[in-house]
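Each chain, written out:
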Amino acid sequence: MKHLKHIGKTMKFAVLAAAIAGLAQTAGIADAASLHTAKEGDTFFLLAQRYGVSVEELTQANPNIASNNIYAGLQIKVPGEKSVNAASDSKPQLLTEKAPANEGPTIEAWGKTFNYSKIVDVKATAYSAAADENGKWGAVDYYGNPLKLGTIAVDPNVIPMGTKVLVTGYSHPGLPDHSFVAVARDQGSAITGKRIDIFIPGNKSFVNDFGFQNVKLYVIDK
């Protein structure tokens, strides 16, 4: 009986050791996802660019968070082993390069290289999804699609509708640091000449902090 009890204890220790190892492995997986404390204006698109992950990865890591319900103080898991603090502190730089004559000029942003055909200096404002800023049509763009980050309103005589641009030179916490890719999907009666209006998710007062800013657009080749 002593021998059997000893075997039983050995098996218990083995099971316990396996359980501890399993917990350690699980903890390792949990540690691989850092936590970002959301602030006003954060979106999965913005965070994906900041931390170098995809929107799909962020969505899968946060199944209980609706993309349209991100509020200040919310804890958002950032998948991977990247330090949230390090990513928050790093400022992606824009680098212009002279490409071979047959390829045209390029600009680098967010680890990607874009070919562009021209640069347009414009004065920019920002707008929200507030009803009084969108008239009877509601919070949709010129084509009837819901407004989203990456939408800009333009004067189509200066920037044709559908034009893709890299927007640079602005400052606002509701936009990606330094630059973001936008598409001319909207128009407005006040947007004439070298003017653009940038859609920013968030309440009206937060968005209006953008004010008037001089920004530079790189027209991206399709």
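What counts, and at which threshold
Residues numbered from 1 in each chain as written. Predicted model: local features only at pLDDT ≥ 70, side-chain atom pairs only at ≥ 80, totals over all residues. Heavy atoms only, no water. Helix = DSSP H or I, 4+ residues; strand = E, 2+ residues; numbered from the N terminus. Buried < 20%, exposed > 50% of the residue type's maximum accessible area, 1.4 Å probe, protein only. Contact = heavy atoms within 4.5 Å. Areas by Shrake-Rupley, 256 points an atom, 1.4 Å probe, with all protein chains shown as cover. pLDDT = per-residue confidence, 0-100. Phe/Tyr/Trp six-rings, centres within 6.5 Å; stacked < 30°, edge-to-face > 60°. Lys, Arg positive; Asp, Glu negative; His and termini not counted. Salt bridge = Lys/Arg side-chain N within 4 Å of Asp/Glu carboxyl O. Polar contact = N/O pair within 3.5 Å; in protein donor to acceptor, adjacent residues only side chain to side chain.

Visitor: Honestly, the overall build of the protein in this entry has me stumped. Any pointers?
Guide: Of the regular secondary structure elements, the protein holds 5 helices and 10 strands. Counting all 222 residues of the protein, 36% fall into the buried class. Residue pairs in contact within the protein that sit at least 24 positions apart in sequence constitute 69% of those at least 6 positions apart. If you sum the accessible surface of the protein, you get close to 13000 Å²; carbon and sulfur atoms cover 56% of it.

Visitor: Please clarify how the confidence of the model for the protein should be interpreted in this entry.
Guide: Any region with low pLDDT has predicted coordinates that should not be read closely. On average, residues of the protein carry a pLDDT of 78, and 74% of them reach 70 or more. The secondary structure element of the protein with the lowest average pLDDT is helix H1 (residues 2–31), at 43, and the one with the highest is strand S9 (residues 195–199), at 97. Confidence drops under pLDDT 50 across residues 1–32; counting only partners more than four residues distant or on other chains, this segment forms 4 contacts. Scored below 50 in pLDDT, residues 86–98 shows 29 contacts in the model against residues more than four places distant or in partner chains.

Visitor: I keep staring at unusual backbone geometry and nothing clicks. Help me out?
Guide: Phi is mostly negative for residues that are not glycine, and the peptide bonds are mostly trans. In this structure, His-178 takes a positive phi of about 75° despite not being glycine. Along the polypeptide, His-178 turns up in the loop between strand S7 (164–168) and strand S8 (179–186). Exposure remark for His-178: the relative accessible area of 33% places this residue in the partly exposed category.

Visitor: Could you clarify how one ought to interpret the packing of aromatic side chains in this entry?
Guide: As enumerated under the stated definition, the model contains 4 aromatic pairs in all. Between Tyr-142 and Tyr-143, the aromatic rings sit 5.6 Å apart at their centres with planes inclined by 85°, giving edge-to-face as the arrangement. Given the relative accessible area of 51%, Tyr-142 is considered exposed. The exposure class of Tyr-143 is partly exposed, given its relative accessible area of 48%.

Visitor: How do you make sense of the side chain of Arg-195 when you look at a structure like this?
Guide: Within the secondary structure, Arg-195 is located in strand S9. Buried within the structure, Arg-195 lacks any salt-bridge partner; its nearest side chain of opposite charge belongs to Asp-197, at an N-O separation of 5.1 Å. A polar contact is formed between the side chain of Arg-195 and the side chain of Thr-125, at a distance of 3.0 Å.

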